[in-house]
Structures are given as structure tokens and as C-alpha cells.
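Architecture and fold: a report
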Protein chains: 2
Amino acid sequence: MRNLKERLDLCSINTATLGHREPLSRTIDRIASAGFGGIAPWRHEVEKANVAEIARQVKALDLTVTGYCRSTYLPAATHAQFVANVDESKAALRDAATLGARCFVMVVGGLPEGSRDLNGAREQVADGIAQLLETAREYGVPLALEPLHPMYAADRAVLNTLARALDICDALDPERSGFLGVAVDVYHCWWDPALQASISAAGLNDRILAYHVCDWLRETRDMLLDRGMMGDGVVDLAAVRENIERAGYEGLIEVEIFSKENWWRRDPDEVLCICSERLQTVC
Amino acid sequence: MRNLKERLDLCSINTATLGHREPLSRTIDRIASAGFGGIAPWRHEVEKANVAEIARQVKALDLTVTGYCRSTYLPAATHAQFVANVDESKAALRDAATLGARCFVMVVGGLPEGSRDLNGAREQVADGIAQLLETAREYGVPLALEPLHPMYAADRAVLNTLARALDICDALDPERSGFLGVAVDVYHCWWDPALQASISAAGLNDRILAYHVCDWLRETRDMLLDRGMMGDGVVDLAAVRENIERAGYEGLIEVEIFSKENWWRRDPDEVLCICSERLQTVC
């Protein structure tokens, strides 16, 4: 396993970790100044800035864009809406290419409002990914399917395990083109009894496109916005990274923390400083 | 699939649904008066009453005890604590026998405080179940392993899928004695892409000991105490019961709703009335 001591060049910050409180260009500067090697920005902040300028800034600071967050949710109550959802992600893939992103993060979406058809939503997801894969190849930006924790199955993602994400990869990209893989986020996957086996399988097929860390707090107070800083929760982060790297992952370790009541209230440079320390000691 | 119309004798109420606001004997009377055929009480209410008296009352009212809730959490930081945890459940199994419970519900417990050893906790769980299985045979009360939703993996149950519960059953009770099986609760399992396959597998081995219903609210506000009334959420309840019954389940359908801000604030008879209506129309 790689030693992260004094290797912040191997570490990336997802901008959500700072709570999206400042313009993206300021956030980029903070992350670069703190010594990190990578950044993962969100569409809503890129789309209200100038994507070409953002791309220039990121390149000038020698930051790797470890992922571009994220797809428009795919499942829809009508075909027209489904098509619109796919098209929005196609447009975002163009921006991902401009940014030089290592992957486009696919959070696939939950059940359409009012629906109880989980299998139907899962079929729409596979259809949408198949369509986006064509665009991903055109722009040269891989799609990283991110299974979300099962507690988001209703409203955010009907894709909830790494094993199922890999099934989709194998079905749609049997030739292992490099344009379809997974984003492994410990917050979503830490509980999964098949985690180690799925990571190994993903590695064998070169499917691991991103690795996200934070921690699961034993007393989680909010289902969305109470993620923990690495080391403050129950996840054996060193063990997961050991599996990930044994499986062949050589990319950056990206910190992604949603934390409305704690980390998003702190000074951004303090947050980056603590991320840096924890990455080097507990990840 | 059985038609539940005017068949409340096939339906049971877990006393948690009424919020544990009244003495158990009063709750038993309400549930029987409303016409339900079964009840599932909790240890904390039985243990502060007289178990023999409760058993007499339940029998006199011809109520089936669809489950006795629940085991003491098994994983512990020390061996002495682990032994104490097992012993507490052994004592509770005696009460389950007195009550004539169809099963003893096993909520296996999360990580010991301060631990990050998920595999270790899962091993302790298998050990503890093996020990309890002996006692279960002695008392003639089957153990129903209830996998909890993965969002409870840290603090309530490291057993999170039906598939893994069945693995434990097959390992510890290959002869299918009837004393080890599963409790299927839609709240915990509805998201699982392997749900249908696991239910079929469980049925083939006569492992389905209990079936619990409520609903998953699209906008869940509390991770523990915001379960929905059947029909108010996203679960296709009719489809799940069809699978359960096709797999051979002939037991009662038990309603278990934790709902601090909604159902636990309503009049108990109103809650029972709405449970009754929803059981007959959406379950």
C-alpha cells in the first residue's frame, strides 16, 4: 500500500467537503495552496462559472481533476423526461472533457416521484448508461458508476452495491474499453459483506476509476449531511485502501464530506488542514 | 396470494407500532378488540409485567404471538460481555416459550463501542447464534435472524442482507431443524436487488419465520423513528408479499412501525384502524 505521508499529491479534495460556500475559483486556489494534488468539482459551481477558465486555472495549478460531479438522475416518469435527463448528462460530459476530468461521476437517481417500480427504474438506469457510454467514448471521459448507500435507494440512486455496478459494466462494456467503471466511496460501501470481493473483481477488470473517503459516524444525525471526517467514525479506512490498491488502483484518494452542522461551518483552510493530517495518518 | 380482505386473523401488530405508551395488557386488549389475529410484544414491556399473566391474557384472547422482540445485541469488546449478552438472550428465550412465540427475533447488534472490526463483529454474531440455537431447541422457540437495513450496520446490526442471514442459517443448521430462520422486514430489505432471489431461497429451505410490513417514506426524516404506514411510501408491498407467499410462507403479516413524530402521536385505536384498512388494501 502506498504511504501517504508527505504525499498530498496523491490526495484530492471534492469541493463539497468545503460546503460550496465560495466561488469555485477561490476553492481551487485554497486546495492547491494546501498542497493537494487533485480536486473534484461539481456541475452547479462549474456551470455558473466559465468552464474554460476553470479548466485553465486547474491546469495552471497542476491539479488532477479526479472526478466531475455528477450525472443528472436518470429514471423518469415519462420518456421525454428520461431523454432530457440523458441529454443533460451528455452536455456535462463535454464540460468534463474540457476540465480533463479522470471520470464523470454517475449518481444514477432514485425512483421517479410517485413510483414504486424499483426494477423499472433500474432498467432505465442501464438504458441511460448505455446511451451515455457512447458520448463518454466520443469525449474521452470515462463514466464512473457510484453505487450509493441503500438508504438513498428511494430518492437518489437505485444502484446500491458495487457488485450490481460491476454487473452493469460487464453487460455494457464487455470489452473493458476503459470508459466504464466504478467510483468506490467508503461511505456508501463500508457495510457491504461483499465489499472486498467486489473490489477485487473490479480491479481484475480495471474498473476502479475513483476512490472516495470520509467516515461513517456511529451516531449519524442526518441521512445526507452528517458524514464524518476520516478517523472520527467506524470505517477501517486503511483496510479498505489496502484492498483497493491491491486490486490495482493507482489513482488519487479523494475526500468527500457532506457535513452541514460541523465541517461546513468551519474555516475552509482549517478543514483542508485536518483532511491533510487525517489522510496521512488514518487513511 | 392470500386475500387479506376481512382476514385480520392473518394480521399481527408489533406493539412498537403503538409507541409503547401504555401498559402491555392494555395494548393487548386494544389489538384483540380491533380484530387482529396476532401480536408481537417487546421484552422491555413483558419484563416489567408478569410474563405468565401476559401469556394467559394472550391465549385467552386467541392471539398468535408472531414474534418476541428481541435478542440482546451480541458483539462485545470483551469476552465476558459477549457471554453476558448471550445469557440475556437465553433468559429471554424462556419467556418467549412461555408466551408461545412463533419465533424469537434476533437483531444481532452493531460494532462494539470504539471498534472498527466489522468482520470480527460478524464472527461474534455467528458464534452467539450457534450458542443460542441450542437454547432455542431446548425451549422449542425458533430463532428468526432479522437482517437490518445497512444504515444500522454501525450501531444496531452487522447483519444487513437476507442472503447473509441465510448463509448463517445454512452453516449452523444444515439439517433445517426448523429452529433457525429469518424475519423478512420490508423496511430493511426493500432496496436489495437480491431480495426476490433470497426470498425464494429462504422459502425452499423453510426459513421464513416472520414477515414484517410498514413502508419506506421517500423523505425519511429520522434514521430510526420515521417509518411509514403501508401505502404512504415507495415499497411495492403487494409484490413482496406475493414473493413471500409463493416461497411458501403461511404465517401472519406483522405491522411494525416506528414513527415518533406521526403515528406514535395518534390515538392507538386510530392507528390500529388505519393499519387494518391498509393491510386489506395495499399489503
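Residues numbered from 1 in each chain as written. Chains lettered and ligands numbered in written order. Predicted model: local features only at pLDDT ≥ 70, side-chain atom pairs only at ≥ 80, totals over all residues. Heavy atoms only, no water.

Per an unreviewed UniProt entry, chain A goes by Sugar phosphate isomerase/epimerase and derives from Caballeronia arationis.

Another aspect to go through is the relation of the copies chain A and chain B. Between the two copies, chain A and chain B, the superposition gives an RMSD of 0.0 Å; the rotation angle is 180° and the shift along the axis is 0.0 Å. Taken together, the rotation angle and the small translation identify this as a two-fold axis. A high fraction, 100%, of the interface residues of chain A reappear at the interface in chain B, so the copies pair face to face through one surface. (Least-squares fit on C-alpha atoms with pLDDT ≥ 70 in both. Contact = heavy atoms within 4.5 Å.)

Okay, the interface of chain A and chain B next. The figure often quoted for interface size is the accessible area lost as the parts come together. The interface is formed by 29 residues belonging to chain A together with 29 residues belonging to chain B. Contact between chain A and chain B buries roughly 2,700 Å² in total, counting both sides, with carbon and sulfur atoms accounting for 59%. The three residues of chain A that bury the most area against chain B are Arg116(A), Trp191(A) and Arg218(A), which together make up 26% of that side's buried surface. If you look at where chain A meets chain B, you find 2 salt bridges. (Buried area = accessible area lost by both parts, 1.4 Å probe. Salt bridge = Lys/Arg side-chain N within 4 Å of Asp/Glu carboxyl O.)

Right, let's get into the UniProt feature "domain: Xylose isomerase-like TIM barrel" (unreviewed entry) in chain A. The UniProt entry lists residues 28-268 of chain A under the feature "domain: Xylose isomerase-like TIM barrel" (unreviewed entry), expressed in the numbering used here. The span residues 28-268 of chain A carries 41% helix and 12% strand; its end-to-end C-alpha distance comes to 11 Å. (UniProt positions renumbered as here; feature names shortened; annotations may be inferred. Helix = DSSP H or I, 4+ residues; strand = E, 2+ residues; numbered from the N terminus.)

Okay, helix α8 (residues 195-204) of chain B next. Residues and elements named next belong to chain B. Buried within α8 we find Leu195, Ser198, Ile199, Ala202 and Gly203. Taken end-on, α8 shows its buried residues confined to a sector of 135°, consistent with a single buried face. Turned more than 90 degrees away from the buried face of α8, the exposed residues are Ala197 and Leu204. Elements that come into contact with the buried residues of α8 comprise α6 (162-172), β7 (180-185), α7 (186-189), β8 (208-213) and α9 (237-246). Positive backbone phi, at 55°, marks aspartate 206, one or two positions downstream of α8. (Buried < 20%, exposed > 50% of the residue type's maximum accessible area, 1.4 Å probe, protein only. Arc of directions from axis to C-beta.)

Further remarks concern the environment of Gly140(B). Note on placement: Gly140(B) falls in the loop between α5 (118-139) and β6 (143-145). Taking the C-alpha atoms as reference points, Gly140(B) and Val234(B), separated by 94 residues in sequence, lie 37 Å from one another.

Here we take up a negative patch on the surface. A cluster of acidic residues, Asp117(A), Glu123(A), Asp127(A) and Asp236(B), forms a negative patch on the protein surface. Checked against the element boundaries, Asp236(B) lands in the loop between β8 and α9. (Patch = residues over 30% accessible without salt bridge, like charges linked within 9 Å, V, L, I, M, F, W, Y side chains within 5 Å. Areas by Shrake-Rupley, 256 points an atom, 1.4 Å probe, with all protein chains shown as cover. Lys, Arg positive; Asp, Glu negative; His and termini not counted. Charge placed at Lys NZ, Arg CZ, Asp CG, Glu CD.)

In this section: the sheet that holds strand β8 (residues 208-213) of chain A. Residue and element names in this part refer to chain A. In space, the 9 strands of this open sheet follow the order β3-β2-β1-β9-β8-β7-β6-β5-β4, with parallel pairing throughout. Each end of this open sheet is capped by a strand with a single partner; those strands are β3 (64-65) and β4 (68-69). Of the pairings in the sheet, the one linking strand β7 (residues 180-185) to β8 comprises 4 bridges and is parallel in character. Each bridged residue has a counterpart across the sheet, and for valine 184 the counterpart in β8 is tyrosine 211. (Pairing = 2+ DSSP bridges.)

The next point concerns unusual backbone geometry. For residues that are not glycine, phi is negative in most cases, and the peptide bond is trans in most cases. Residue and element names in this part refer to chain A. Put simply, cysteine 69 and arginine 70 share a cis peptide bond, and its omega is -10°. When you line up the elements, arginine 70 lands in the loop between β4 and α4 (79-99). A positive phi angle, close to 55°, is found at glutamate 6, a residue other than glycine. With respect to the helices and strands, the residue glutamate 6 is situated in the segment before β1 (11-14). Here glutamate 6 falls in the exposed class, since its relative accessible area comes to 70%.

Counting across every chain of the model gives 11 aromatic pairs over all chains. When the ring of Tyr68(B) is compared with that of Phe104(B), the centres are 6.3 Å apart and the planes differ by 45°; the resulting orientation is tilted. One end of the pair, Tyr68(B), is in strand β4 (residues 68-69); the other, Phe104(B), is in strand β5 (residues 104-106), with 36 residues separating them in the sequence. Ring pairing ties together the aromatic residues Trp42(A), Phe258(A) and Trp264(A), which thus form one cluster. Its end group placed over the ring of Trp263(A), Arg266(A) keeps NZ or CZ at 3.9 Å from the ring centre. (Phe/Tyr/Trp six-rings, centres within 6.5 Å; stacked < 30°, edge-to-face > 60°. Lys NZ or Arg CZ within 6 Å of the ring centre and 35° of its normal.)

Residue and element names in this part refer to chain B. Judged by how many residues are buried, β7 sits mostly within the fold: 6 of 6 residues are covered. Pairing analysis gives 3 bridges linking β6 to β7, with the strands arranged parallel. Following the sheet pairing, alanine 144 is matched in β7 by glycine 181. What joins β6 to β7 is α6, and the crossover it makes is right-handed. (Right-handed = clockwise from strand over helix to strand, strands pointing away.)

Another point: the pairing of β8(B). Residue and element names in this part refer to chain B. Burial within β8 is extensive, with 6 of its 6 residues counted as buried. Bridging between β8 and strand β9 (residues 253-255) involves 3 bridges; their strand directions are parallel. Bridge pairing in β9 links tyrosine 211 to isoleucine 253. Taking the sense of rotation as the criterion, the β-α-β connection linking β8, α9 and β9 turns out right-handed.

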